[in-house]
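# Fold and geometry: a report
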Amino acid sequence: MARSSRSLTSKWRYCHPSYYLKRPTRLALLFIVFVFATLVVWDRQTLVSEQEVEVNKLNAEVEQLQNLLEELKNAQGDTVRKIDFTGKSIDSGKEVLDDPIDIQRREKVKEAMLHAWTSYEKYAWGQDELQPQSKNGVNSFGGLGATVIDSLDTLYIMGLDEQFQKARGWVETSLDFNKDYEASVFETTIRVVGGLLSAYDLSGDKLFLDKAREIADRLLPAWDTPTGIPYNIINLAHGRARNPSWTGGASILADSGTEQLEFIALSQRTGDPTYQQKVEKVIIQLNKTFPDDGLLPIYINPHSGTTAYSPITFGAMGDSFYEYLLKVWIQGNKTPAVKHYRDMWEKSMKGLSSLIRRTTPSSFTYICEKNGGSLSDKMDELACFAPGMVALGSSGFGPDDSRKFLSLAEELAWTCYNFYQSTPTKLAGENYFFHPGQDMSVGTSWNILRPETVESLFYLWRLTGNKTYQEWGWNIFEAFEKNSRTESGYVGLKDVNSGVKDNMMQSFFLAETLKYLYLLFSPSSVIPLDEWVFNTEAHPLRIVSRNENLNEKDKPFNRLRGRKEGRSD
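Calculation rules
Residues numbered from 1 in each chain as written. Predicted model: local features only at pLDDT ≥ 70, side-chain atom pairs only at ≥ 80, totals over all residues. Heavy atoms only, no water. Pairing = 2+ DSSP bridges. Helix = DSSP H or I, 4+ residues; strand = E, 2+ residues; numbered from the N terminus. Salt bridge = Lys/Arg side-chain N within 4 Å of Asp/Glu carboxyl O. Buried < 20%, exposed > 50% of the residue type's maximum accessible area, 1.4 Å probe, protein only. Polar contact = N/O pair within 3.5 Å; in protein donor to acceptor, adjacent residues only side chain to side chain. Contact = heavy atoms within 4.5 Å. Disulfide = S-S within 2.5 Å. Expected span 1.5 Å × (residues − 1). Axes fitted to C-alpha atoms, helices over the stretch in contact; angles between N-to-C directions. Parallel < 35°, antiparallel > 145°, perpendicular 65-115°, else oblique. Left-handed = near helix turned anticlockwise from the far one by under 90°. Nonpolar A, V, L, I, M, F, W, Y, C, P; charged D, E, K, R; others polar. Core = buried A, V, L, I, M, F, W, Y, C linked by side-chain atoms within 4.5 Å. Phe/Tyr/Trp six-rings, centres within 6.5 Å; stacked < 30°, edge-to-face > 60°. Lys NZ or Arg CZ within 6 Å of the ring centre and 35° of its normal.

The strand order β3-β4-β5 describes an open sheet built from 3 strands, whose pairing is antiparallel. The open sheet has two free edges, formed respectively by β3 (182–184) and β5 (241–242), since each of these has just one partner strand.

Have a look at this one:
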């Protein structure tokens, strides 16, 4: 038995009863306790060793999660700002869920904005736009600091506070509207009036409201025509208004119908009805003879109010007129006072439907242009705002039409995305032609950093939640990074096929393109679409309910704290 017990090779041999058979019982029991205690310690040491390995693994994973959480906190604290963009109180205990990929992409877009802005600061400060290749500034808009004003709300939304304060300082000390300059009423309204009003709505800083009113007062004489349809050019110093000679004296549809958002907002915020009355008279005049299909030629006589024989288009010189019919209805909180805007817009959507064609063999959906009774198979990249507009307005229809127009918006967005994907640089040309059996081909082949396709992707993402639109937007952003980024800013391309660069960083690249890309990867609580409406230069304005008329009984707006033309000149 002794041999037998010694022959046990496992650590349990000392537990065999024969080992203790001839020993005193008490000693045997004590020894048994000692052996069991030793074995337990040995097993625990083995277990601890194994646990240490697992703990080390867990600690590494925890560290990774802590790093990711820190990134999330930084992004939400610095980038998403934790600002009350809705004008409602924020419950600080409720965090907005945010996708880590969205955070990373948003930070990349923010870095692009910072690169564009610091380049402008270094080489063109106070001038309208930067020429990155030659590293100098140019006054494309009479020296009104277009890039500064266009960038104010983008800087604010992105949380670039130091840059925003520097821009504010320039507005306070250096922005001068007394310029002997023939200004575009349209461009000055959407960029300068819109940019200043948006900065006011976001920050509550009255400086911006006062400056917006000052420039608007200089524009007002443009509406002094027999019909109230404005002239499109005005001398800022002398108040002399006229139309460009190349229109034959006519006013341009988009230029005359794209001031309503800004001037109505200005009346709401100041309590002065003058601005609203001027711009709404234009719509009243056009509504008198508004056609059943809601489509107007691009030239209008400011003396008679009649339209001249000219193209009908959702591209250059037509586009934003239709956009503002919808957005003024949204701006007025869809009340009866603004219903006629929605009615006019719905007629225009019937007209748009009549211009829809599809290519062969790929069945890309596009919007034709119309000349008299004939259609032209041409679509501007500018018309790529239409998918977003149609999607934004689709919910105001009944269920069947709502689905139909949302589907149309998605089809048009696919076409616009392929404007980009069809070129070697993956950047879109200025316009496209469609031929049977050939799908699409680039017409005018430059790219000047336009925002329209990204704008539509932003709206479709917000309205459908389909992440495909985010992926498309990211691909477009990467194409800009690859082809347009230089050491001193961003430039357009002279040719999207060859990739040859131009020498201009358009102010709307900072105002629109980068802002829409940033919002494409931001939570929907950042500038929510039920609280804000974007003007055609992507400047967000707060939505305020409208009464039938703005008069002495209406309270002025009380803030709750918390490019478009074919010509590139």
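Read on, since the account is not over.
Following the criterion strictly, the structure yields 28 salt bridges and no others. In this structure, E214 and K211 form a salt bridge, with 4.0 Å as the shortest nitrogen-oxygen distance. Of the two residues, E214 and K211 both sit in helix α7 (residues 206–219), 3 residues apart, roughly one turn of that helix. One salt bridge connects D401 with K404, and the closest N-O pair in it is separated by 3.6 Å. In this pair, D401 and K404 both sit in helix α14 (residues 399–421), 3 residues apart, roughly one turn of the helix. Salt bridges linked by common partners bring D150, E187, R191 and E537 together as one network.

Bringing the environment of S507 into the picture now. Locating S507 in the fold gives a position in helix α17 (residues 507–520). S507 sits in the buried class, given a relative accessible area of 0%. Taking C-alpha positions, S507 is 10.0 Å from Y120, a pair spaced 387 residues apart along the chain. Within the structure, S507 has its side chain in polar contact with the side chain of R191 (distance 2.6 Å).

Right, let's talk about the environment of L352 for a bit. Mapped onto the elements, L352 comes out in helix α12 (residues 339–354). Taking the relative accessible area as the measure of exposure, L352 reaches 0% and is therefore buried. Linking L352 and I367, residues 15 residues apart in sequence, is a C-alpha distance of 7.4 Å. In contact with L352, other than residues within four places in its own chain, are L295, F314, I367 and L408.

This brings us to the state of the cysteines. Going through the model one piece at a time under the given rule, you end up with 1 disulfide. One disulfide in the model links C384 with C416; its S-S distance is 2.1 Å. Taking the torsion about the sulfur-sulfur bond, which here is approximately -95 degrees, the covalent link between C384 and C416 counts as left-handed. Highlighted residues: C384 in the loop between β12 (378–380) and α13 (386–394) and C416 in helix α14, separated in sequence by 32 residues. The buried category is assigned to C416, whose relative accessible area is 1%.

With 25 residues, helix α3 (residues 100–124) extends 35 Å between its outermost C-alpha atoms, agreeing within 8% with the 36 Å of an ideal straight helix rising 1.5 Å per residue. Structurally, the start of α3 carries an N-cap: the backbone nitrogen of I101 is 2.8 Å from a side-chain oxygen of D99. Positioned one or two residues after α3, G126 has a phi angle of 85 degrees, which is positive.

Okay, the packing of helix α15 (residues 452–464) against α17 next. At a closest axis distance of 9 Å, the pairing of α15 and α17 adopts a crossing angle of 20 degrees. When the interaxial angle is binned, α15 and α17 end up roughly parallel. For the pair α15 and α17, the crossing hand works out as left-handed. In contact with V454, E455, L457, F458, Y459, W461 and R462 of α15, α17 contributes T513, Y516, L517, L519 and L520. Of the residues belonging to the contact of α15 with α17, the class tally is 9 nonpolar, 1 polar and 2 charged.

Attention shifts here to the pairing of strand β13 (residues 431–435). Here is the key point about a regular strand: its side chains alternate between the two faces of the sheet. Where β12 lies against β13, 3 bridges are found, and the strand directions are antiparallel. Each bridged residue has a counterpart across the sheet, and for K378 the counterpart in β13 is F433. Direction of pairing for β13 relative to strand β14 (residues 439–442): antiparallel, over a ladder of 4 bridges. The residue of β14 that forms the bridge with Y432 is V442. From the end of β13 to the start of β14, which pair antiparallel, there are 3 residues, and G437 there has a positive phi angle of about 80 degrees.

Right, let's talk about the nonpolar core for a bit. Soluble globular proteins tend to bury their nonpolar side chains together. Core analysis: the largest hydrophobic core is formed by 143 residues, its most contacted members being L196, F314 and F419. Those residues in contact with F314 that sit more than four places away from it in its chain are L295, D319, Y322, S348, M349, L352, L355, I367, L382, A383, F385 and M389. Judged by nonpolar contacts, the second largest core, of 5 residues, contains A250, I298, Y299 and M317.

On inspection of all chains with the given rule, the structure shows 29 aromatic pairs. Judged by centre distance (5.8 Å) and plane angle (80 degrees), the rings of F458 and F534 are edge-to-face. With F458 in helix α15 and F534 in strand β17 (residues 532–534), this pair connects stretches of sequence that are 76 residues apart. Like F458, the residue F534 is buried in the burial classification. One aromatic cluster is present, formed by F364, W414, Y417, Y469 and W472 through successive ring pairs. Of note, R342 hangs over the ring of W329, and the distance from its end group to the ring centre comes to 4.6 Å. Against the face of F397 rests R342, its NZ or CZ located 4.8 Å from the ring centre.

Overall, antiparallel pairing links the 3 strands, which are arranged β12-β13-β14 in an open sheet. Edge strands, defined here as strands with exactly one partner in the open sheet, are β12 and β14. Here the strands of the sheet are splayed against their neighbours by 30 degrees on average, with no regard to which way each runs.

Now for the environment of M504. Following the sequence through the fold, M504 ends up in the loop between β16 (489–490) and α17. Taking the C-alpha atoms as reference, M504 lies 4.6 Å from Q131; in sequence the two are 373 residues apart.

Following T360, the chain continues to P361 via a peptide bond in cis, the omega torsion being 5 degrees. Relative to the elements of secondary structure, P361 occurs in the loop between β8 (356–358) and β9 (365–367). The phi dihedral of M317 is positive, around 75 degrees, even though this residue is not glycine. Tracing the backbone through its elements, the reader meets M317 in the loop between β7 (299–300) and α11 (319–331). Positive phi values are uncommon outside glycine, yet D439 reaches one of about 55 degrees. As for its position among the elements, D439 is in strand β14. Accessibility expressed as a relative area gives 12% for D439, which makes it buried.

Note that all results are geometric; they support no functional claim without further evidence.
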